[in-house]
Amino acid sequence: MQTEIIKIRDQDDFVLLERAGEVIRSSGLVAFPTETVYGLGGNALDPEASAKIYRAKGRPSDNPLIVHLSDPDEAGLYCETGELYYILASRFMPGPLTVILKKKKSNGRFIIPDETTGGLDSAAVRCPSDPIAHSLIRFAGVPVAAPSANRSGSPSPTTAEHVKNDLYGRIDMIIDGGPCNFGLESTVVKIDGDSLTILRPGAVTAEDLEPYCSSVTVSDAESKPGEVPLSPGMKYRHYSPSKRFYLVNGEDSDVIGFFMDRQKSENCALIVCSEDASVLEDRNLFILGSRNNKFSQAHSLFGCLREADASDADVIYARLPDRSGIGLALFNRLIRACGHNVINL
Ligand code: TXA
Ligand code: MG
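Residues numbered from 1 in each chain as written. Chains lettered and ligands numbered in written order. Predicted model: local features only at pLDDT ≥ 70, side-chain atom pairs only at ≥ 80, totals over all residues. Heavy atoms only, no water.

**Overview of the environment of I87**
We apply this condition: Strands are runs of DSSP state E lasting at least two residues, helices are runs of H or I lasting at least four, and both sets are numbered from the N terminus onward.
Topologically, I87 is positioned in helix α4 (residues 83–92). It is 35 Å that separates the C-alpha atoms of I87 and S240, two residues lying 153 residues apart in sequence.

Structural data, given as structure tokens:
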């Protein structure tokens, strides 16, 4: 399949998105930037488009897709919305928050087809704040189903180049809008009455959500302190480099010492913060950003994983991040990327 690449660099280029909208309306697939990661978009109301998304990514068909809207109020057309949804929408949308809602029926059938939601009776809705994503959804004139635009299992793409590496020749169009702002996927929440459960941590944190509901629970047991399984759990592997990849857990000086020893004895790649980089030899170092700036670490993480994987190293190491604030999102991606291979010093 021929993949067309369209560059959007300024407001004048936005007219080019009209054709991208047409591609989506006619069951085609378009990869596009959002404020989190690049998405692979297709018409969420068209089972054939959803089937194409699963095929292009090599994704298991029971893993549901997020439905992207240009206006959070449109969720009411397709799903049961309640008071808490609108409170969250007015505070966090457009933005990196995805909310799971029960799907609505029309003439006895779900309006959002089973093919889009992996057979579930619920749908995840999200309203991206990125102006390119917003315009594309408006031009498409339909809700846009979009998983991250990577081959299933590999790190999510944060640049058009990453999308090209994974999906060139498998989709109709790639919209190159430059690097994504945040760099990790949206926070996914489920509403239970006036409580929230975080199914996937992201830029919108539990602390951000707490003022708007009675309680926030983080569902993912792997994200809780003290519950890091030490045995390799291949079935949990996601976002993964193809090389052996380990997280290292310990005090600053212990971790640096470990990294120095490994650099001498192994052909390894190290994913480190800039403070650590200044004391390590600069061979095969991939720099996340400052230890004090988790946004910069989130922004660089998936790119570093891809680059470390493409390097000549045999094995990759990174530090186990702390779990406060958006550190929880970093932890969640890293622990899955390494398949729970943690070296405790
Ligand atoms: O930031 C993002 O959310 C990006 C951009 C492109 O918007 N999209 C994204 O999609 O990360 P994806 O498919 O890679 O991840 C969607 C996550 C999956 O973990 C999926 O299982 C969950 O959301 N999900 C989707 N619909 C769901 C539902 N109805 N119930 C429970 N989980 C759902
Ligand atoms: Mg994904």
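And the narrative resumes.
**Quick look at the packing of aromatic side chains**
Quick reminder of the rule: A pair of aromatic rings is counted whenever rings of Phe, Tyr or Trp (Trp by its six-membered ring) have centres within 6.5 Å, and the orientation is called stacked for planes under 30 degrees apart, edge-to-face for over 60 and tilted otherwise. The cut-offs for exposure are 20% and 50% of the maximum accessible area for each residue type, with area from a 1.4 Å probe on protein chains only; residues under the lower value are buried, those over the upper are exposed, and the others partly exposed.
Counted under the stated rule, the structure contains 6 aromatic pairs. Summarising the aromatic geometry, the rings of F182 and F295 are spaced 5.8 Å apart at their centres and angled 65° between planes, so their arrangement reads as edge-to-face. Of this pair, F182 sits in the loop between β10 (173–176) and β11 (187–192) while F295 sits in helix α10 (residues 294–310); the two residues are 113 residues apart in sequence, bridging distant segments of the chain. Since its relative accessible area comes to 7%, F182 is described here as buried. Arranged with centres 5.4 Å apart and planes meeting at 85°, the rings of F258 and Y317 form a pair that is edge-to-face.

**Details of the pattern of salt bridges**
In plain terms, the rule: The salt bridge criterion pairs a side-chain nitrogen of Lys or Arg with a carboxyl oxygen of Asp or Glu, the two atoms within 4 Å.
Counted according to the given criterion, the structure contains 16 salt bridges. Between D176 and R9 there is a salt bridge, with the nearest N and O atoms lying 3.3 Å from each other. Here D176, found in strand β10, pairs with R9, found in the loop between β1 (4–7) and α1 (17–25); they are 167 residues apart in sequence, far enough to count as distant. Here D192 and K190 are joined by a salt bridge, their closest N and O atoms 3.2 Å apart. Here the salt bridges do not stand alone but share partners, grouping D252, D276, R291 and R319 into one network.

**Looking at the side chain of D176**
Convention followed: N or O atoms closer than or at 3.5 Å make up a polar contact, with two conditions inside protein: a donor-capable atom paired with an acceptor-capable one, and, for residues adjacent in sequence, both atoms drawn from side chains. Residue contacts are defined here by distance: any two heavy atoms, one from each residue, within 4.5 Å place the two residues in contact.
Residue class for D176 comes out buried when judged on its relative accessible area of 13%. Here the side chain of D176 touches G178 through a polar contact of 3.0 Å, landing on its backbone nitrogen. When neighbours within four sequence positions are excluded, D176 is seen to be in contact with I5, I6, K7, I8, R9, Y38 and A160.

**Re the pairing of strand β3 (residues 39–43)**
The test is simple: A pair of strands is treated as paired once DSSP finds two or more bridges between them.
Judged by how many residues are buried, β3 sits mostly within the fold: 5 of 5 residues are covered. Direction of pairing for strand β2 (residues 30–32) relative to β3: antiparallel, over a ladder of 3 bridges. Along β3, the bridge assignment pairs V30 with G41. In sequence, β2 turns back onto β3 through a hairpin of 6 residues. Bridge analysis of β3 against strand β9 (residues 144–145) gives 2 bridges, and the strand direction is antiparallel. Within β9, the position partnered with N43 by the bridge is V144.

**Concerning the site of ligand 1**
Put simply, the rule is: The cutoff for a nearby residue is simple: one of its non-hydrogen atoms must lie within 4 Å of the molecule or strand. Calculation of accessible area relied on Shrake-Rupley with a 1.4 Å probe; when residues are assessed, cover is drawn exclusively from the protein chains displayed. Three residue categories are used. Nonpolar comprises Ala, Val, Leu, Ile, Met, Phe, Trp, Tyr, Cys and Pro, charged comprises Asp, Glu, Lys and Arg, and polar comprises the others, including Gly.
The environment of ligand 1 is made up of 22 residues, and the closest members are T36, N63, H68, R126 and S186. Between R59 and ligand 1, the recorded distance is 2.9 Å, taken from a side-chain N or O atom to an oxygen atom. Here an oxygen atom of ligand 1 and a side-chain polar atom of N63 are 2.8 Å apart. Within the complex, 86% of the 680 Å² of free accessible area of ligand 1 lies under protein. The set of elements that each furnish at least two residues to the shell around ligand 1 consists of β4 (66–68) and β8 (122–126). Counting residues per element, the shell around ligand 1 draws most heavily on β8, at 4 residues. For the shell around ligand 1, the class distribution of residues is 11 nonpolar, 7 polar and 4 charged.

**Regarding the sheet that holds strand β5 (residues 97–102)**
The cut-off we apply is this: Lines fitted to the C-alpha atoms define the axes, with helices restricted to the stretch that makes contact. Angles between their N-to-C directions range from 0 to 180 degrees.
Taking strand neighbours across the sheet as the criterion, the 11 strands line up as β1-β10-β2-β3-β9-β4-β8-β5-β11-β12-β13 in an open arrangement whose pairing is mixed. Looking along the sheet, the strands with just one partner apiece sit at the ends: β1 and β13 (215–218). Pairing between β2 and β10: 2 bridges, direction parallel. Following the sheet pairing, A31 is matched in β10 by I174. Strand contacts of helix α5 (residues 131–140): β2, β4, β9 and β10, with the helix running at about 150° to β2, the strand carrying the most contacts. Together, β1, β2, β3 and β10 form the strand contacts of helix α6 (residues 160–167), whose direction differs from that of β10 by roughly 165°.

As far as function goes, none of this settles anything; it's purely spatial.
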